Amino acid sequence: MFFPTREKKWRVFLSCLLFTTGIVIGFFAFSFAAIKNTVGPPVDLALLSKKTPSESRMYLGEMLRARGARAVYQELKAQAAGSTVGENHGIAHALGEALYAEAGTRGIGVCDDAFEFGCYHGFFGSAVNTEGPSVVIKLNAACRATWGEKYLPCHHGIGHGIIAYTGVNRLIEALDLCKTISSEPIGGCASGVIMGYNFRNLNHSSTIELRPIEESNPQLPCATVPREFLRSCYAEQPQWWLAVLGNDFKKIGVLCAEAPEEARDACFHGIGNFAAPAVQFDVQGTRAACDALPTAESRVQCREGASWIFLAQASTRERAPLLCQGLESGAATVCMQKIISNPFWRE
């Protein structure tokens, strides 16, 4: 994925990324598909790729009504098998938007990690834009009830919805809204806000606007956010640096080394998290990117960060332990322990 060409640089997504109690799981996991018969022809990904965002939403809405959300989503995933990372992220955005329009919060259990979490991004963006910021409390409950300890990518999507609602000129307000549902420093709501700040109008590939770099202060916005959001910000900053500076991992490693000490590890973890999709989840390429960093500690942290995104996606999960190979024995052992303790590994 990310940034094999200049045009695709904005497609870096984490990804990275899943889902108080008191809400009946069955209600929120209830799919629009549950009350629909699967009739008519399957969704056509090739046709969708030729449509504008508004045409895609209309077409997908019709398909959701005819075939049900789960059927449509699974058909899209099957047809997208073998696609490059990020290729169909915009279409998944359109699906998330159409899903919210048809099913509201009942559709929250349909989206998953596919398409670099594009379905989540569209779904939550529509939810907050439609119902206003107070809806985040309901969305938080739905995330946690549906996904349990794997709620972070769901929260990340809420962050995208919040920044789309507030606008990029109200960054701190958006981050403060995240505090109402989570204090998670990395991968959750605040991280989604920062990503949406750097990759603007993140609704469709045709409407993306990459925030330009200020040469005099490439650490922005992290240099100005309140301290409590430093780690969230620096965990996302490498993704943006990759987009505006290219895949110069050595240079980006230097920028991370200039971050405040309390956020430096989050930054190096972030490099790994985004290096993996930048090289299409090639293990050797990911290790090489991390090995370009300035210190032994930063190189280990980079590989740990890469393992998170490998683990978050079913198609790459089994290869995550390979990222620990080549490290010194003690570091390799710690690397594997962190992988084994990750909730995605325990699936």
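Calculation rules
Residues numbered from 1 in each chain as written. Predicted model: local features only at pLDDT ≥ 70, side-chain atom pairs only at ≥ 80, totals over all residues. Heavy atoms only, no water. Helix = DSSP H or I, 4+ residues; strand = E, 2+ residues; numbered from the N terminus. Areas by Shrake-Rupley, 256 points an atom, 1.4 Å probe, with all protein chains shown as cover. Core = buried A, V, L, I, M, F, W, Y, C linked by side-chain atoms within 4.5 Å. Buried < 20%, exposed > 50% of the residue type's maximum accessible area, 1.4 Å probe, protein only. Contact = heavy atoms within 4.5 Å. Salt bridge = Lys/Arg side-chain N within 4 Å of Asp/Glu carboxyl O. Phe/Tyr/Trp six-rings, centres within 6.5 Å; stacked < 30°, edge-to-face > 60°. Lys NZ or Arg CZ within 6 Å of the ring centre and 35° of its normal. Expected span 1.5 Å × (residues − 1). Bend = angle between axes of the 7 residues up to and from the residue. Arc of directions from axis to C-beta. Disulfide = S-S within 2.5 Å. Axes fitted to C-alpha atoms, helices over the stretch in contact; angles between N-to-C directions. Parallel < 35°, antiparallel > 145°, perpendicular 65-115°, else oblique. Left-handed = near helix turned anticlockwise from the far one by under 90°. Polar contact = N/O pair within 3.5 Å; in protein donor to acceptor, adjacent residues only side chain to side chain.

A. Molecular detail of the overall build of the protein. A count of helical and extended segments in the protein gives 16 helices and 2 strands. Taken as a whole, the protein presents about 13800 Å² of accessible surface, with 52% of it coming from carbon and sulfur.

B. Layout of the nonpolar core. Counting 98 residues, the largest nonpolar core has L60, L76, L99, F124, I158 and I162 as its most contacted members. If we skip the residues at most four places from it in the chain, L76 touches V43, L45, L48, L60, I91, L95 and F115.

C. Quick look at the pattern of salt bridges. For the coordinates displayed, the defined rule picks out 12 salt bridges. A single network of salt bridges, built from pairs that share partners, joins D176, K179 and E228.

D. Just unusual backbone geometry, in detail. In this chain, L220 is followed by P221 through a cis amide linkage whose omega measures 5°. With respect to the helices and strands, P221 occurs in the loop between strand 2 (209-210) and helix 11 (230-245). Residues other than glycine seldom take positive phi values, yet Q280 does so here, at roughly 60°. Tracing the backbone through its elements, the reader meets Q280 in the loop between helix 13 (261-278) and helix 14 (283-291).

E. The arrangement of the packing of aromatic side chains in detail. Taken as a whole and judged by the stated rule, the model has 6 aromatic pairs. Ring plane angle 90° and centroid distance 5.4 Å describe the contact between F123 and F124, whose orientation is recorded as edge-to-face. When sorted by exposure, F123 lands in the same class as F124, which is buried. Both rings, one in F281 and one in F310, keep their centres 5.3 Å apart while their planes meet at 75°; by these two values the pair is edge-to-face. Here F281 is found in the loop between helix 13 and helix 14, whereas its partner F310 is found in helix 15 (residues 296-312), with 29 residues between them in sequence. Each member of the aromatic cluster is reached from another via a ring pair, and the members are Y100, Y120, F123, F124 and W147. Here the basic side chain of R200 rests over the ring of Y197, its NZ or CZ set 4.6 Å away from the ring centre.

F. The arrangement of helix 11 in detail. Here helix 11 spans 21 Å end to end across 16 residues, near enough to the 22 Å set by a 1.5 Å rise per residue. Of all the bends in helix 11, the largest measures some 30° and sits at Q237, one to four residues before the proline P238. Summarising burial for helix 11: 14 of the 16 residues are buried, a large majority. Following helix 11 by one or two positions, G246 adopts a phi angle in the positive range, close to 85°.

G. Examining helix 12 (residues 249-257) more closely. What helix 12 keeps buried is the set F249, I252, G253, L255 and C256. Buried residues of helix 12, seen end-on, are gathered within an arc of 160° and therefore sit on one face of the element. The secondary structure elements touched by the buried residues of helix 12 are helix 11, helix 13 and helix 14.

H. Molecular detail of the state of the cysteines. Applying the stated criterion to the full structure yields 7 disulfides. The disulfide partner of C111 is C119, and the S-S distance across this bridge is 2.1 Å. Of note, the bridge from C111 to C119 carries an S-S torsion of about -50° and is left-handed in sense. For the residue pair C111 and C119, the accessibility class agrees, reading buried in each case. With its sulfur 2.1 Å from that of its partner, C324 forms a disulfide with C335. Its S-S torsion of about -75° marks the bond between C324 and C335 as left-handed, since a negative value means left-handed.

I. Structural context of the packing of helix 7 (residues 135-147) against helix 8 (residues 152-166). Where helix 7 contacts helix 8, the two axes come as close as 9 Å, and the packing angle between them is 160°. Comparing the axis directions of helix 7 and helix 8 gives the class roughly antiparallel. Classified by chirality, the crossing of helix 8 by helix 7 is right-handed. Residues V136, L139, N140, C143, R144 and W147 of helix 7 lie in contact with helix 8, whose contacting residues are C154, H155, I158 and I162.

J. Just the side chain of E75, in detail. Structurally, E75 is set in helix 4 (residues 69-80). Separated by 3.0 Å, the side chain of E75 and the backbone nitrogen of V43 make a polar contact. If we ignore the near neighbours within four places in the chain, the residues touching E75 are P42, V43 and R67.

K. Spotlight on the environment of S49. In this fold, S49 is placed in the loop between helix 2 (45-48) and helix 3 (53-67). In sequence terms S49 and N88 are 39 residues apart; their C-alpha atoms lie 8.1 Å from each other. In this structure the side chain of S49 is engaged in a polar contact, spanning 2.6 Å, whose partner is the backbone oxygen of A46.

Note that all results are geometric; they support no functional claim without further evidence.
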